[in-house]
2 protein chains.
Amino acid sequence: MEDCDFNINIAVVGVGLIGGSYAMALRDLKPKCIIGIDKDKSALKSALDSGIIDRAYEKGGDFLKEIDMVIIALYPKDTIKFVKDNLKYFKKGTLITDTSGIKENIVDTINLFLPEYLEFVPGHPMAGREAGGIKWASKDIFKGANYIITPSEKNTSWGLKKIDKMARSMGCSNVTYVSPEEHDRIVTFTSHLPHVIAVSIMNSHEENYKDNIELFTGGSFKDATRVAQINSKLWTELFIMNSDKLVDEIENFQRSMDVLKKAIMCKDINTIEYIFENGMSKRKELVKG
Amino acid sequence: MEDCDFNINIAVVGVGLIGGSYAMALRDLKPKCIIGIDKDKSALKSALDSGIIDRAYEKGGDFLKEIDMVIIALYPKDTIKFVKDNLKYFKKGTLITDTSGIKENIVDTINLFLPEYLEFVPGHPMAGREAGGIKWASKDIFKGANYIITPSEKNTSWGLKKIDKMARSMGCSNVTYVSPEEHDRIVTFTSHLPHVIAVSIMNSHEENYKDNIELFTGGSFKDATRVAQINSKLWTELFIMNSDKLVDEIENFQRSMDVLKKAIMCKDINTIEYIFENGMSKRKELVKG
């Protein structure tokens with residue numbers, strides 16, 4: 001397999017929203033063949049019928065010997081399991097990447113059993129939709145998106161370059177390299193915490209269930225709770241695998257909120273204004289636009 | 001002044017983002033004259049130069065005798081003060097409305113001293129922008145927006161109808177009537193709480209100030225922290241006037257978050273999934289789209 005050349009056989013494992021979107025975006029790179037693997041027959045049929053994939057399998061097998069690049073779009077535990085269960089099929093030099101929202105656990109575990117003749121490049125496309133499933137797949141989810149690669153000492157520059165090239169060719173704007181540990185720490189703050197908050201806001205609304213909240217919002221409520229529309233099985237797995245870091249981040253947030261709550265309780269104008277100014281200048285620094 | 005007729009003299013008090021936007025939207029209703037009142041001379045000049053207002057004053061005075069409708073777009077305390085300080089100028093039948101994000105305190109206070117020959121209709125346009133000032137004013141902020149009216153027993157159906165008609169003519173989609181107390185209770189949840197959260201997220205980010213967070217977000221962080229861009233003086237006043245209700249709502253949220261935190265800490269899959277499902281079904285019920 002040459003650098004920057006996608007005239008190869010690709011397998012996409014998990015033909016849902018993310019895997020389906022990869023297959024659609026990868027088609028533009030003119031691969032020899034895109035194979036879909038999914039235990040859900042109807043997802044495979046739908047992907048075959050619409051030409052998103054060329055061949056379909058319900059699980060790994062001998063056919064993997066022909067595959068040059070494997071993209072795993074499964075939940076974290078299933079990602080590890082797929083690699084482990086199919087080690088006997090992968091040919092020498094096969095490049096394996098994943099799409100999981102948490103990296104340290106996956107990288108450490110896969111590196112424990114991955115033979116030297118295979119390469120695993122951990123990837124995290126920061127793209128998605130509130131709804132899941134192949135019918136929502138679209139190559140547009142990658143347009144302008146962030147793509148994170150979390151190399152370990154086992155990666156080669158060839159493998160990293162290949163996935164980098166793939167992400168950019170699919171339309172991603174930024175490809176960023178950080179360690180798996182650093183990835184998980186930052187994403188806990190930028191993604192897991194906002195999800196915990198969105199769900200907690202909705203669940204704090206007990207008594208006044210019948211309020212027609214939509215008539216009383218100017219956008220802030222909708223924005224703050226959008227990601228309460230969650231894939232509960234996936235996020236439960238992510239939260240549990242990331243439990244320690246996430247609890248730390250929740251507690252940082254709780255301390256920060258307690259400071260503001262106390263200032264509001266005491267009607268302490270100066271402290272509230274200081275907290276606002278501080279939050280505002282941090283956001284300006286950290287988030288553009 | 002006839003029902004549904006805006007061929008009248010209107011005063012807009014506070015010619016900033018909100019007041020300026022009112023003046024621009026009201027122009028389409030063909031008023032006789034729009035007068036702007038603001039202590040900021042440069043705001044007045046800018047509004048005059050661009051034809052948003054026809055005449056400008058730095059404070060109330062004798063000219064208010066000609067005014068049929070007064071729209072006060074000031075901070076809550078200044079709203080009360082403007083009405084009180086100018087009682088001697090308003091003519092019989094003048095309709096006064098406000099735009100403040102908190103209602104109970106304002107309605108109760110103004111009703112204490114408002115003479116019978118004037119009518120105050122409390123209004124809350126749920127429209128705005130992150131940036132303030134006349135240069136950001138636009139009549140488009142009202143398009144499709146929610147407008148809340150919080151009547152008291154002192155209001156007449158004529159006065160309510162007039163403000164209702166005004167809001168709809170300016171482009172607002174929904175005009176909703178609730179008591180001032182109910183308004184404050186709901187808005188505490190739908191607006192004040194998301195602002196407290198956005199600010200608290202930003203302020204919880206102490207140690208890792210240099211992270212390029214933008215490369216690690218897929219939207220949820222940006223959404224959850226958007227309203228950390230806050231008018232700190234205005235929101236400090238709103239939070240302090242609404243202190244009791246807001247602290248209650250923060251504590252409801254904190255209890256809800258603690259339940260989820262404990263489940264994550266204990267890696268309690270069933271409870272986390274239950275919390276997610278519950279949050280998701282509430283959001284589906286409460287927020288459309």
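Residues numbered from 1 in each chain as written. Chains lettered and ligands numbered in written order. Predicted model: local features only at pLDDT ≥ 70, side-chain atom pairs only at ≥ 80, totals over all residues. Heavy atoms only, no water.

(A) View of the relation of the copies chain B and chain A. You can overlay chain B on chain A at an RMSD of 0.0 Å; the transform is a turn of 180 degrees with a shift of 0.0 Å along its axis. Here the two chains are linked by the operation of a two-fold rotation axis. Counting the interface residues of chain B, we find that 100% of their copies in chain A are interface residues as well, pointing to one common contact surface. (Least-squares fit on C-alpha atoms with pLDDT ≥ 70 in both. Contact = heavy atoms within 4.5 Å.)

(B) Summary view of the side chain of A:His183. All names here are of chain A. Structurally, the position occupied by His-183 is in helix α6 (residues 180–204). On the basis of relative accessible area, His-183 is assigned to the buried category, the value being 0%. Here the side chain of His-183 touches Asp-184 through a polar contact of 2.8 Å, side chain to side chain. Look past the residues within four positions of His-183 in its chain and what remains in contact with it is Gly-101, Ile-102, Lys-103, His-124, Ile-148, Thr-150 and Val-178. (Helix = DSSP H or I, 4+ residues; strand = E, 2+ residues; numbered from the N terminus. Buried < 20%, exposed > 50% of the residue type's maximum accessible area, 1.4 Å probe, protein only. Polar contact = N/O pair within 3.5 Å; in protein donor to acceptor, adjacent residues only side chain to side chain.)

(C) Fine view of the sheet that holds strand β6 (residues 119–121) of chain B. Residues and elements named next belong to chain B. Across the sheet, which stays open at both edges, the six strands sit in the order β3-β2-β1-β4-β5-β6 with parallel pairing between neighbours. For this open sheet the edge positions go to β3 (55–57) and β6, each flanked by a neighbour on one side alone. Looking at each pair of strands side by side, their axes are set apart by 20 degrees on average, direction ignored. One ladder, built from five bridges, connects strand β1 (residues 9–13) with strand β2 (residues 33–37); its direction is parallel. From the neighbouring strand, Val-13 faces β2, where its bridge partner is Ile-37. The sheet contacts of helix α3 (residues 76–85) involve β1, β2, β4 (69–72) and β5 (95–98), and relative to β4 the element is tilted by about 150 degrees. Relative to the sheet, helix α5 (residues 157–169) contacts β4, β5 and β6, its axis offset from that of β6 by approximately 45 degrees. (Pairing = 2+ DSSP bridges. Axes fitted to C-alpha atoms, helices over the stretch in contact; angles between N-to-C directions.)

(D) Just the interface of chain B and chain A, in detail. With 86 residues of chain B in contact, the opposing surface of chain A contributes 86 residues. Regarding the contact of chain B and chain A, the summed buried area is about 9000 Å², with carbon and sulfur atoms giving 63% of it. By the criterion of area lost to chain A, the three top residues of chain B are B:Phe216, B:Arg283 and B:Leu286, representing 9% of everything that side buries. The interface formed by chain B and chain A includes six salt bridges. Close ionic contact of A:Asp223 with B:Arg226 constitutes a salt bridge, the shortest N to O distance being 2.7 Å. At the junction of chain B with chain A, the criterion picks out 31 residue pairs in polar contact (both at pLDDT 80 or more). If you list the elements that add at least two residues to the side of chain B that touches chain A, you get β8 (146–149), β9 (174–177), α6 (180–204), α7 (220–225), α8 (232–241), α9 (243–265) and α10 (269–286) of chain B. With 18 residues, α6(B) is the largest single contributor of residues to the side of chain B that touches chain A. Here the side of chain B that touches chain A is built from residues that sort into 40 nonpolar, 27 polar and 19 charged. (Buried area = accessible area lost by both parts, 1.4 Å probe. Salt bridge = Lys/Arg side-chain N within 4 Å of Asp/Glu carboxyl O. Nonpolar A, V, L, I, M, F, W, Y, C, P; charged D, E, K, R; others polar.)

(E) Local environment of the sheet that holds strand β7 (residues 123–126) of chain B. Residues and elements named next belong to chain B. If you walk across this open sheet you meet the three strands as β7-β8-β9, and the pairing is mixed. Each edge of the open sheet is held by one strand with a lone partner, namely β7 and β9. Neighbouring strand axes in the sheet, compared pairwise and without regard to direction, differ in orientation by 20 degrees on average. Sheet analysis places β7 next to β8, joined by four bridges and oriented antiparallel. Residue pairing for β8: His-124 is matched across the bridge by Ile-148.

(F) Highlighting α6(A). Residues and elements named next belong to chain A. For α6, spanning 25 residues, the distance from its first C-alpha to its last is 33 Å, which sits close to the expected 36 Å at 1.5 Å a residue. Along α6, the sharpest change in direction is near 50 degrees and occurs at Thr-188. In terms of residue burial, α6 counts as a mostly covered element, since 22 of its 25 residues are buried. (Expected span 1.5 Å × (residues − 1). Bend = angle between axes of the 7 residues up to and from the residue.)

(G) Molecular detail of unusual backbone geometry. All names here are of chain A. Unlike most non-glycine residues, Lys-30 shows phi in positive territory, near 55 degrees. Along the polypeptide, Lys-30 turns up in the loop between α1 (17–27) and β2 (33–37). Using a relative accessible area of 64% as the deciding quantity, one classes Lys-30 as exposed. Positive phi values are uncommon outside glycine, yet Lys-267 reaches one of about 50 degrees. Position of Lys-267 relative to the elements: it lies in the loop between α9 (243–265) and α10 (269–286). Its relative accessible area of 44% is what places Lys-267 among the partly exposed residues.

(H) Structural context of helix α3 (residues 76–85) of chain A. Residues and elements named next belong to chain A. Every buried residue of α3 is accounted for by Pro-76, Thr-79, Ile-80, Phe-82 and Val-83. One side of α3 carries all its buried residues, which in axial view fall inside an arc of 160 degrees. Against the buried residues of α3 lie β1 (9–13), β2, β4 (69–72), β5 (95–98), α4 (104–113) and α8 (232–241). (Arc of directions from axis to C-beta.)

(I) Region of the structure containing the UniProt feature "transmembrane region" (unreviewed entry) in chain A. Mapped onto this numbering, the UniProt entry annotates "transmembrane region" (unreviewed entry) at residues 6–25 of chain A. Counted over residues 6–25 of chain A, helix gives 45% and strand 25%. Its end C-alpha atoms are 12 Å apart. (UniProt positions renumbered as here; feature names shortened; annotations may be inferred.)

(J) Looking closely at the pattern of salt bridges. Following the criterion strictly, the structure yields 30 salt bridges over all chains and no others. Note that A:Lys103 is salt-bridged to A:Asp98, the shortest N-O span being 3.0 Å. Take A:Lys103: its relative accessible area is 0%, and that puts it in the buried class. Note on A:Asp98: relative accessible area 0%, which makes it buried. Ionic pairing is found between A:Lys261 and A:Asp258, a salt bridge with its closest N-O pair at 3.7 Å. Taken together, the residues A:Lys261 and A:Asp258, both in helix α9 and three residues apart, mark about one turn of the helix. The class for A:Lys261 is buried, based on a relative accessible area of 8%. With relative accessibility at 25%, the residue A:Asp258 sits in the partly exposed group. Members of the salt-bridge network, linked through shared partners, are A:Glu251, B:Asp258 and B:Lys261.

(K) Region of interest: the packing of aromatic side chains. Counting across every chain of the model gives 11 aromatic pairs over all chains. On the numbers, 5.0 Å between centres and 75 degrees between planes, the contact of A:Tyr22 with A:Phe142 is edge-to-face. With a gap of 120 residues between them, A:Tyr22 in helix α1 and A:Phe142 in the loop between β7 (123–126) and β8 (146–149) connect regions that are remote in the sequence. In this pair, the class of A:Tyr22 matches that of A:Phe142, namely buried. Ring plane angle 75 degrees and centroid distance 5.5 Å describe the contact between A:Phe239 and B:Phe276, whose orientation is recorded as edge-to-face. (Phe/Tyr/Trp six-rings, centres within 6.5 Å; stacked < 30°, edge-to-face > 60°.)

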